[in-house]
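If you want the building blocks of each chain, they are given just below.
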Amino acid sequence: PRRIAHQESSRVFCVCTLKVVADESGEELEEHFVKLLDDQTFELLDSFKLQEWENACYVISATFTDDPANYLVVGTAIA
């Protein structure tokens, strides 16, 4: 994992990961993901593959004034 945040209200961990894979020519490429895991069992609940060259830089659990919802905010950059 590269980044991790816990959202108590949803009982999940949001984890930003990367996987190195080789293409047909043997060149190594990075694939970046945002994954949601159950905070008790660590079961994978969902996984989102980021776009090519997109990297997850940070993740936080956030709330906003006058909004009862909880949000997971992932900041990304193209590199």
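Residues numbered from 1 in each chain as written. Predicted model: local features only at pLDDT ≥ 70, side-chain atom pairs only at ≥ 80, totals over all residues. Heavy atoms only, no water.

### A few points about the nonpolar core
Consideration 1: Ala 5, Cys 14, Cys 16, Val 34, Leu 36, Leu 50, Ala 56 and Val 59 form the largest nonpolar core, which has eight residues in total.
Consideration 2: Listed by contribution, the elements that provide at least two residues to this core are strand 2 (12-22), strand 3 (28-38) and strand 5 (54-64). (Core = buried A, V, L, I, M, F, W, Y, C linked by side-chain atoms within 4.5 Å. Buried < 20%, exposed > 50% of the residue type's maximum accessible area, 1.4 Å probe, protein only. Helix = DSSP H or I, 4+ residues; strand = E, 2+ residues; numbered from the N terminus.)

### Overview of the sheet that holds strand 3
Consideration 1: An order of 1-2-3-4 is seen for the four strands of this open sheet, with the pairing classed as antiparallel. The strands lining the two open edges of the sheet, one partner per strand, are strand 1 (3-7) and strand 4 (44-49). Within the sheet, the average angular offset between the axes of one strand and its neighbour, ignoring direction, is 25°.
Consideration 2: Note: strand 3 against strand 4, five bridges, orientation antiparallel. The residue bridging Phe 33 from the neighbouring strand is Lys 49, located in strand 4. (Pairing = 2+ DSSP bridges. Axes fitted to C-alpha atoms, helices over the stretch in contact; angles between N-to-C directions.)

Coordinates in, geometry out; function isn't part of it.
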